[in-house]
Every structure is written in structure tokens, then in C-alpha cells.
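Structural characterization, general
So the chains spell out like this:
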Amino acid sequence: MCFQGGAPNYFPCSFSAPDCQPCFLESKFKVSPDVTRYNSANDDNYTQAGTFYSEVLSEEERRRLCQNLAGALKGAQVFIQERMVQHLMAIHPDYGKQVQSLLTKHNAEAQKNSNVHVYTRPTAINASAKMDPDTVVTIVNPVEHPRDYVVWSICSFFHANPFCLGLLALIFSFKARDMKVIGDLQRARGYSQWALGFNVAALIILFLTILILVIVFGIIPFSSYLINSY
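In this text the structure is predicted, and so the values were computed from the model without any measurement.

1. As for the overall build of the chain
Looking only at helices and strands, the chain features seven helices and four strands. In sequence order, the secondary structure elements of the chain are arranged as β-β-β-β-α-α-α-α-α-α-α. Going through the 230 residues of the chain one by one, you find that 23% of them count as buried. Restricting the contact set of the chain to residue pairs at least 6 apart, pairs at least 24 apart contribute 60%.

2. Quick look at the nonpolar core
Listed in full, the twelve residues of the largest apolar core are Tyr53, Leu57, Cys66, Leu69, Ala70, Leu73, Val85, Leu88, Ile91, Tyr95, Val99 and Leu103. Every element with two or more residues in this core is listed here: helix H2 (59–73), helix H3 (78–91) and helix H4 (93–113). The element contributing the most residues to this core is H2, with four residues. When near neighbours in sequence (up to four residues on either side) are disregarded, Val99 contacts Cys66, Leu69, Ala70, Leu73, Val85 and Leu88. Among the nonpolar cores identified, the runner-up in size contains ten residues, and Phe172, Met179, Tyr191 and Ala195 belong to it.

3. Quick look at the pattern of salt bridges
Using the criterion set out here, one finds five salt bridges in the structure. With a shortest N-O distance of 3.6 Å, Glu60 and Arg64 are connected by a salt bridge. Separated by four residues within a single helix, Glu60 and Arg64 lie in helix H2, roughly one turn from each other. You can call Glu60 partly exposed: its relative accessible area is 36%. We classify Arg64 as partly exposed; its relative accessible area is 39%. Between Asp148 and Arg177 there is a salt bridge whose closest N-O contact spans 3.2 Å. You can see Asp148 sitting in the loop between H4 and helix H5 (150–159) and its partner Arg177 sitting in helix H6 (residues 165–182), a full 29 residues away along the chain. Taking the relative accessible area as the measure of exposure, Arg177 reaches 38% and is therefore partly exposed. Taken together, the shared-partner salt bridges in this structure form one network comprising Glu60, Arg63 and Arg64.

4. Looking at H2
Given a rise of 1.5 Å per residue, 15 residues ought to cover 21 Å, and the 21 Å separating the end C-alpha atoms of H2 matches this to within 8%. Of the positions making up H2, those classed as buried are Arg62, Cys66, Leu69, Ala70 and Leu73. Buried residues of H2 fall within an arc of 100° about the axis and therefore sit on the same side. The outward face of H2, more than 90 degrees from its buried face, is lined by the exposed residues Asn68 and Ala72.

Conventions and cut-offs
- Residue numbers here run from 1 along each chain, matching the order of that chain's written sequence.
- Totals for whole chains, interfaces and linings use every residue, but because this is a predicted model, local features are given only for residues with pLDDT of at least 70 and side-chain atom pairs only at 80 or more, for both listing and counting.
- Side-chain figures throughout are based on the complete set of non-hydrogen atoms in the structure, without hydrogens or water.
- Numbering goes from the N terminus for both helices and strands, where a helix is a DSSP run of H or I of at least four residues and a strand is a run of E of at least two.
- Relative accessibility thresholds used throughout: buried, under 20% of the residue-type maximum; exposed, over 50%; partly exposed, between the two (1.4 Å probe, protein chains only).
- Should any heavy atoms of two residues lie within 4.5 Å, those residues are considered in contact.
- Residues belong to a common nonpolar core when they are buried Ala, Val, Leu, Ile, Met, Phe, Trp, Tyr or Cys residues joined through side-chain atoms within 4.5 Å.
- In what follows, salt bridge is the name for a side-chain nitrogen of Lys or Arg lying within 4 Å of a carboxyl oxygen of Asp or Glu.
- Here the expected span of a helix is defined as 1.5 Å times the quantity of residues minus one.
- Each C-beta atom gives one direction from the helix axis, and the arc is the one those directions make.

As C-alpha cells, this is what we get:
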């Protein structure tokens, strides 16, 4: 699977996939006889699979098959699960019912134990129906990106850089930003915490330095003046 611009670009696809364009079909070439593409959309893809399910597999093998298929489908969106169950019902009603029962149980447990939203479709989808090319699945609860504190680090570097703390904060801020760009959020959070720590340390030292200077050059001389005046 490959992605481009944040959206899947493979075909067939359930998420705004490209449609077939007749003008881009490959040209046929002569062998003996002519060879060209064959549209298999109307082929019978169910009878042979149904015979295998009902007449070849034992009851235990059918149970394991349903469990394995449900385990592979449980991570898909609900409307995709429903579409696959429609295919299984066409193969054999018992096949579809067993897989649907396992998926229903899993989806109920997933909603209890996770804050990830499960998406459904407003109406059931026929297995042979064409997917609406404008269908978009919106992902909610996005992962929160850590802050890089670049602006704060720049201010610390130019205005509060005791013991090079501002420089260190700036370096770790840029590292945090680089990790966010490449998608390594775990390392980005680590660098972000270091940048925050250096910025806070630089700010505290700057505050204490100003306080000491005010005491030494302001309060103490003024107190001495008051004492001497009496």
C-alpha cells in the first residue's frame, strides 16, 4: 500500500479511490489470437467457494475459518466489515452469519475499551454495488503533537542565555521540530521536554540575577542612605 498527499492512491480502494478510465486502457497486441483485457466483474465467484465451505470443510474447520477471517477484519471500519459479510453471505449464509456474530462481539468490546470512534454507513452496501468515489472517512481524536518551543528558545538565546542554557534550549527545539516532521513523535516529545527544561532554567536564572542586581544596587544603597541620614 502506498500513499500520496495523505490519501491512498492504490486501486481498488474504499477511500476516494480513482475510477477506471477507458481512455487509459492498454492497447491490444497481436499474438495468436489477439490478446486484450477481460472484465471479470460478472464472473461467478461464489459457487465454488460455497461448495468448499459446505461440503469439504468439517464443522471444526469452518469454525476456525470464521474465527481467522473475523480476526483479520476486526481492525477494519464497520462499513468495510459489512461489505465483506455480504460477500460471505453470497458464498454461504452460515459463513456470513458466523463471521458477522464474531465481528459484532468484537466491535462491542472495542467500543468499551477504546476511545477510537468506529464509523458506520447510513445504509447497507450491496457487495456488487460500486463505491461512491466521493466517500471520505474522517479520522477523529488525532494524535497530539508535542510543542517545540522554538519561539521561546529564540528569546532565551538572545535575551537569557546564562551558561548557554538558551543555546541548548534552541538546539533541542529544532530537534523536536525535525522529529515531528519525520513523524517520530516519541523522540519529539523527549526533545520537547529538554527544550522546556532549559528554557525554564534560563528564565529562573535570569529572574534571580535581576532580583540580586535590584537588591545589590537598589535596596542596599537606599537602606544605607536612610541609615546614614539619621
